[in-house]
Amino acid sequence: MASIDHEARRIYAKIVYWGPPAAGKWANLEDVHRRTSPPDRPPAAKETSVGFPLALGELRGYAIVFALLRCPSDGSWTRNVFDELGSGPPDGVVFIADSSPTALLDNVAWVQKLNTEVSARGLDLGKLPAVFQYNKRDVAGALPVEQLRRAINPWQHPDGEAIAARGVGVFETLKQVSRGVLEELRKA
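Here goes a summary of the coordinates provided.

Cut-offs and rules
- Residues numbered from 1 in each chain as written.
- Predicted model: local features only at pLDDT ≥ 70, side-chain atom pairs only at ≥ 80, totals over all residues.
- Heavy atoms only, no water.
- Core = buried A, V, L, I, M, F, W, Y, C linked by side-chain atoms within 4.5 Å.
- Buried < 20%, exposed > 50% of the residue type's maximum accessible area, 1.4 Å probe, protein only.
- Helix = DSSP H or I, 4+ residues; strand = E, 2+ residues; numbered from the N terminus.
- Contact = heavy atoms within 4.5 Å.
- Phe/Tyr/Trp six-rings, centres within 6.5 Å; stacked < 30°, edge-to-face > 60°.
- Lys NZ or Arg CZ within 6 Å of the ring centre and 35° of its normal.
- Expected span 1.5 Å × (residues − 1).
- Salt bridge = Lys/Arg side-chain N within 4 Å of Asp/Glu carboxyl O.

1. Observations concerning the nonpolar core
Soluble globular proteins tend to bury their nonpolar side chains together.
Now for step 1: Ranked by size, the top nonpolar core spans 26 residues in total, and within it I15, Y17, V32, F66, L68 and L174 carry the most contacts.
Now for step 2: Those elements that provide at least two residues to this core are β2 (10-18), α1 (25-36), β3 (51-59), β4 (62-70), β5 (92-98) and α5 (170-187).
Now for step 3: The dominant element in this core, judged by the number of residues it contributes, is α5, at seven residues.
Now for step 4: Those residues in contact with L68, other than ones at most four positions away along the chain, are I15, Y17, L29, V32, V50, G51, F52, L54 and L174.
Now for step 5: With 19 residues, the next largest nonpolar core counts V111, Y134, L148 and I152 among its residues.

2. Focus on the packing of aromatic side chains
Now for step 1: Taken as a whole and judged by the stated rule, the model has three aromatic pairs.
Now for step 2: Note on F132 and W155: the rings are 6.2 Å apart at their centroids and 25° apart in plane angle, and the pair reads as stacked. Residue F132 is found in strand β6 (residues 130-135), and its partner W155 is found in the loop between α4 (145-152) and β7 (159-161); the two are separated by 23 residues along the sequence.
Now for step 3: Judged by its relative accessible area of 27%, W155 is partly exposed.
Now for step 4: Among the aromatic residues, ring-to-ring pairing joins F95, F132 and W155 into one connected group.
Now for step 5: Above the plane of the ring of Y62 lies R9, whose end atom (NZ or CZ) is 4.2 Å from the centre.

3. Observations concerning α5
Now for step 1: The terminal C-alpha atoms of α5 lie 26 Å apart, and with 18 residues this matches the ideal 26 Å at 1.5 Å per residue to within 8%.
Now for step 2: Where α5 is concerned, the buried positions are V170, F171, T173, L174, V177, S178, G180, V181, L182 and L185.
Now for step 3: Elements in contact with the buried residues of α5: β2, α1, β3, β4, β5 and β6.

4. Notes on the pattern of salt bridges
Now for step 1: Applying the stated criterion across every chain yields a total of nine salt bridges.
Now for step 2: Residues D31 and R35 are paired through a salt bridge, measuring 2.8 Å at the closest nitrogen-oxygen approach. A residue pair is termed a helical-turn pair when its members lie 3 or 4 positions apart in one helix, as D31 and R35 do in helix α1 at four residues.
Now for step 3: In this structure D31 comes out as buried when scored by relative accessible area, which is 3%.
Now for step 4: Of the charged contacts in the structure, one is a salt bridge between D98 and K136, with a shortest N-O distance of 3.4 Å. Of this pair, D98 sits in strand β5 while K136 sits in the loop between β6 and α4, placing them 38 residues apart in sequence.
Now for step 5: D98 sits in the buried class, given a relative accessible area of 8%.
Now for step 6: A network of salt bridges, in which partner residues are shared, links D31, R34 and R35.

Written out as structure tokens, the structure is:
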């Protein structure tokens, strides 16, 4: 759940980027960081960082700060990423699917892991603000989007195509998940 600091007039929410190894989670975060950070702010280091904060404006006079976090491909930080910023679950999820022709089974396995992690926190992935990004659309023999949808997005969450390494589709994905999280915050 989002946390509210009434004294500082800030709402903190977290969005977890999830997916199989080398699917493009870090490429997404790196592109967002590059485009939104002040020029003098150094880039986050992939080896030592799970993400960074992103200020998004205001809601009812409160500044909104999203923590954009990724689950490293080896899964070593999974519990820490999900439980980062207090004991609450994520407020939104971006599933980064690898469109490579050999990646379908990995995508399925990682969406199952995601569902397990979300369920362990008493949530239903079908009701959580989530977006599915079909990344690496530029690889030879990329899996058809419809096949990926059927295999990993039975909840029919918003989705889209991307080439994160080139910044294509990255902000569209962030906007979609942000909209979902903000809708939930407005209801609260």
